Amino acid sequence: MTPHPSPTPSAPARILRGHPTDPRWARPALLALLLVTAVLYLWSLSASEYANQFYSAAVQAGSESWKAFFFGSSDAANSITVDKPPAALWPMALSVRLFGLGSWAILVPEALMGVATVGVLYAAVRRRFGAGAGLLAGGVLAVTPVAALMFRFNNPDALLCLLMVCAIAAVLRALEDGRTKWLVLAGVCFGLGFLTKTLQAWLILPPLAVVHACCAPVALRRRLGQLLLAGLAIVVSAGWWVAIVELWPAASRPYIGGSQHNSFLELTFGYNGFGRITGEETGSVGGGGARPGGGGGGWGETGMTRLFSADMGGQIAWLLPAALILLVVAVCVLWRARRANAADQAERVDQAGQRAEFLIWGGALLMTFTTFSFMSGIFHQYYNIALAPYIAALVGMGTTLLWRRGGRLASIVLAATVAVTAAWSYVLLDRSPDWLPWLRWTVAALGTVAALGLLVPLRRTGAAVRGEARVRTGRRVVVLAAGAGLAAALAGPVAYTLDTVNTPKGGSIITAGPSVRGGMGGPGGGGFPGGRGPGRGMWPGNNAGNNAGNKANTNANLNANGNSNPNGNPNANGNGTNNGMPGRAQGGAQGAAPGAGGPGQGNPAGQAFPPGRNQGGQAFPGRIGGMGERGAGRMGGMGGLLNGSKVSAKAKALLENDADDYTWAAAAIGSQNAASHQLATQKPVMAIGGFNGSDPSPTLAQFKNYVADGKIHYFIGGGRGGFGGPGGGQGDSSKISSWVEKTFKKVTVGSATFYDLTRKA
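Source: prediction; values computed, not measured.

1. Considering the sheet that holds strand S4 (residues 685-688)
Then step 1. Reading across the sheet, the five strands line up as S4-S3-S5-S7-S6 and stay open at both edges, with mixed pairing between neighbours. Bordering the open sheet on either side are S4 and strand S6 (744-749), each of which pairs with just one other strand. The sheet shows a mean angle of 30 degrees between the axes of neighbouring strands, direction not considered.
Then step 2. One ladder, built from six bridges, connects S6 with strand S7 (residues 752-760); its direction is antiparallel. Residue pairing across strands places Phe744 opposite Lys760, the latter belonging to S7.
Then step 3. Sitting on the sheet, helix H23 (residues 671-681) touches strand S3 (664-669), S4, strand S5 (712-716) and S7, and the angle it makes with S4 is about 170 degrees.

Next up, the structure:
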């Protein structure tokens, strides 16, 4: 009798059961992991309001205008683009078109990208190392502090991280069966990654290409042909948009933000490209080259220890030593096994695939780590999200490989890895001595016990041992030690992640976790790396206003709570300086506002703001802006460079009055200043000079023509006149500001200043 074939499971059954070769617990565990990740990334998401208003304004513009959507314009009237390609804006803009403008509509797509990244990472690791390894990798990624930070924020890094994991997953599939379609798919991911964050997407291309050329299970000639096709896929998937932008007449498209000559190619290879490596970034903050006092200029010291420093360590480095240890040991073990199993063809093939996978993830990690460690240009802590999936994959794969192999060497390596990770976690937690002080001691003790437990002698099944009871006891000890080691390794990042989730984030510079000793002011970051903020003399300030504010604050006994220090140094709570900006943090997370809203603003009234936690440049009610207080009518950090101002109801009403009669309801220097008013009114606001106020768009002559043609109603006063380097657009924005102040009628609404461009002074 011919046996009947087994019925094909229904789609819901396949979703709930998973792959037939997986253990029955695997799929429920994956669904639980994805559910917990979703809750974690969606929890209290709207507390961050518009997060980075620079990108939120572009999302709002794209939801109103398809032309702005295509170019990534800062406003719906298409005056200038953001300083990145627009791919990261597209999902958010479509969400806003569907659901309306709001925090959830902007940030939920980012959170869902985080859940998708965890799922894709699980699938990529599971194929060769099993469900347990995939779950461990996905869990490590989900609770990496910088990942939780950026998957709840609207910067391009969330989409870039997802695309890089998808690209690696596709390359790994190509290494399994040699099929070309997977490599072409990887090329498409890299092309879309370029349209997300330009050349950063291609950092990991070299190791992936080399591994495929050496390890793919097809003839060498076919491998090289596949790589050429993948390269063509990259060019097509990225180049179509670049070609349209470069061929489009400049007069009828928005100015390319971040460039000095209205060129996307200049932006790609200059400000967003090699300038990030060399520090020669014309138009950047402080711009145009490395500053004295360190290899990284104004962005911190460079070198192999950079990512372990006070500013960076708590963001990404919790399991970085473990990943590096496991990478080296796993490659060595698999290489030795290659010769030991020469007669077993199936075993050799499987081990070759595992070795190639370690080389892929390890190559991506080492390439990114090296670049980030030594780049001299703009570098923010949140860039480290790029490393998170590589670290997570190596930890999941390496731990599982050694656990399965067993033996004395595996026990020693796992014990050493747990001990190193626990000790390093203690160091990281000790940088915030007043934050959960019990946790670092718990981690150290748990890690020590776990490391000792993993050293309990236990051989593989079949080895000569005395008595079955001893075997069972030994296994229980090792399993309990493994659980304790996992808890010790993840306790620190989980605590940091929960702190991040419960803390609203906003502005241009944000960080995960609490304040750190020797880091920057407050849990949100909000300072310059290495403490090189304007409080250290990079930009001049209004000392008279600050001195007046400090005098009044001193009289009120408020200086100890975090107000400005007349000597220009950060106080005990790591807040303000005599230039009105926080410098290098020296301690606690609590305090009153710095004495100034932006550079040179001071707090001449000597008023203290409500105590709260610094949130990386974004001030919420009762919370302190890391780069300057963002109260009603005040410019945000650095005169609105790093975050915009809080727009009052009266200021909003003023700008909305007859706004539809103008192309732009207003114009402001710097994208953040413009963004806050645009989001408040949902009317186009021109960002003079782009993000830094340093792009030559518009020129003074162009701005005069716009005013003469009645296209702009108001000019928003109080912004800085650009921070670009020599020869940039700094002169244009300053000249526009001076001309407006001399020519047109000043209108004061509360503490905010506007100039009516339809009425002469």
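On we go from here.
2. Description of the environment of Tyr50
Then step 1. Within the fold, Tyr50 resides in the loop between helix H2 (26-42) and helix H3 (53-64).
Then step 2. Taking the relative accessible area as the measure of exposure, Tyr50 reaches 22% and is therefore partly exposed.
Then step 3. Once the C-alpha coordinates of Tyr50 and Leu107 are considered, the two residues, 57 residues apart in sequence, prove to be 8.2 Å apart.
Then step 4. In this structure, Tyr50 is in contact with Ser56, Leu101, Gly102, Ser103, Ile106, Asn154 and Leu679, ignoring residues within four places of it in sequence.

3. Some remarks on unusual backbone geometry
Then step 1. Pro698 follows Ser697 through a cis peptide bond whose omega is -10 degrees.
Then step 2. Backbone geometry places Ala51, a non-glycine residue, at a positive phi of 55 degrees.
Then step 3. Position of Ala51 among the secondary structure elements: in the loop between H2 and H3.

4. What about the nonpolar core?
Then step 1. Counting residues in hydrophobic clusters, the biggest one holds 145 residues, and the most contacted among them are Leu121, Ile168, Phe358, Trp361, Phe372 and Ile391.
Then step 2. For this core, the leading source of residues is helix H6 (residues 103-142), giving 19 residues.
Then step 3. Residue contacts for Leu121: discarding those within four places in its chain leaves Ala137, Gly138, Leu141, Val165, Trp361, Pro389, Ala392 and Ala393.
Then step 4. Grouped together as the second largest cluster of nonpolar side chains are 17 residues, Val647, Ala651, Ala687 and Tyr714 included.

5. Description of the confidence of the model for the chain
Then step 1. With 76% of its residues at a pLDDT of 70 or more, the chain shows a mean pLDDT of 81.
Then step 2. Counted against residues more than four places away or in other chains, residues 287-294, with its pLDDT under 50, gives 22 contacts.
Then step 3. Note on residues 722-730: pLDDT is under 50 here. Beyond four places in sequence and across chains, it has 35 contacts.

6. Points about the packing of aromatic side chains
Then step 1. Per the stated rule, a full pass over the model turns up 30 aromatic pairs.
Then step 2. Seen in terms of ring centroids, Phe129 and Phe358 are 5.5 Å apart; in terms of plane orientation they differ by 85 degrees. Their pairing is edge-to-face. You can see Phe129 sitting in helix H6 and its partner Phe358 sitting in helix H15 (residues 345-374), a full 229 residues away along the chain. There is no split in this pair, since Phe129 and Phe358 are both buried.
Then step 3. One aromatic cluster is present, built from ring pairs that chain together Trp66, Phe69, Phe70, Phe71, Trp90, Phe194, Trp202, Trp240, Trp241, Trp248 and Phe264.
Then step 4. The aromatic ring of Trp66 is capped on one face by Arg97, whose charged end is 3.6 Å from the ring centroid.
Then step 5. In this structure, Lys197 is placed above the aromatic ring of Tyr383, and the distance from its NZ or CZ to the ring centre is 4.0 Å.

7. Considerations on the side chain of Ser74
Then step 1. Mapped onto the elements of the fold, Ser74 is located in the loop between helix H4 (66-71) and helix H5 (89-99).
Then step 2. Residue classification places Ser74 among the buried residues on the basis of a relative accessible area of 6%.
Then step 3. Ignoring any residue separated from it by four or fewer positions in sequence, one finds Ser74 in contact with Phe54, Ala57, Ala58, Ala61, Ile80, Thr81, Val82, Ser671 and Gln678.

8. Quick notes on empty space enclosed by the protein
Vacant regions in the atomic arrangement are exposed by a probe of water-molecule size rolled over the atoms.
Then step 1. The full count for this structure, using the stated rule, is ten cavities of 30 Å³ or more.
Then step 2. Volume-wise, the largest cavity comes out at about 250 Å³.
Then step 3. Of all elements in the fold, only H3 and helix H12 (264-278) reach the threshold of two or more residues within the lining of the largest cavity.
Then step 4. Residue composition of the lining of the largest cavity, grouped by class: 13 nonpolar, five polar and five charged.

9. Quick word on the pairing of S3
Then step 1. Within S3, six of the six residues are buried, leaving the element largely enclosed by the surrounding structure.
Then step 2. Pairing of S3 with S5, which is carried by four bridges, proceeds in the parallel orientation. By the bridge assignment for S5, Ala667 is matched with Phe715.
Then step 3. Bridge count for S3 against S4 is four bridges, and the pairing is parallel. In the sheet register, Ala667 faces S4, and the bridge partner there is Met686.
Then step 4. After leaving S3, the chain enters H23 and then returns to the sheet as S4, a path that is right-handed.

About the thresholds
- Residues numbered from 1 in each chain as written.
- Predicted model: local features only at pLDDT ≥ 70, side-chain atom pairs only at ≥ 80, totals over all residues.
- Heavy atoms only, no water.
- Pairing = 2+ DSSP bridges.
- Helix = DSSP H or I, 4+ residues; strand = E, 2+ residues; numbered from the N terminus.
- Axes fitted to C-alpha atoms, helices over the stretch in contact; angles between N-to-C directions.
- Contact = heavy atoms within 4.5 Å.
- Buried < 20%, exposed > 50% of the residue type's maximum accessible area, 1.4 Å probe, protein only.
- Core = buried A, V, L, I, M, F, W, Y, C linked by side-chain atoms within 4.5 Å.
- pLDDT = per-residue confidence, 0-100.
- Phe/Tyr/Trp six-rings, centres within 6.5 Å; stacked < 30°, edge-to-face > 60°.
- Lys NZ or Arg CZ within 6 Å of the ring centre and 35° of its normal.
- 1 Å grid on protein atoms, 1.4 Å probe; cavity = no way out; pocket = protein on both sides within 12 Å on 5 of 7 lines; lining within 4 Å.
- Points joined across faces, edges and corners; volume = space filled by probe spheres on them.
- Nonpolar A, V, L, I, M, F, W, Y, C, P; charged D, E, K, R; others polar.
- Right-handed = clockwise from strand over helix to strand, strands pointing away.

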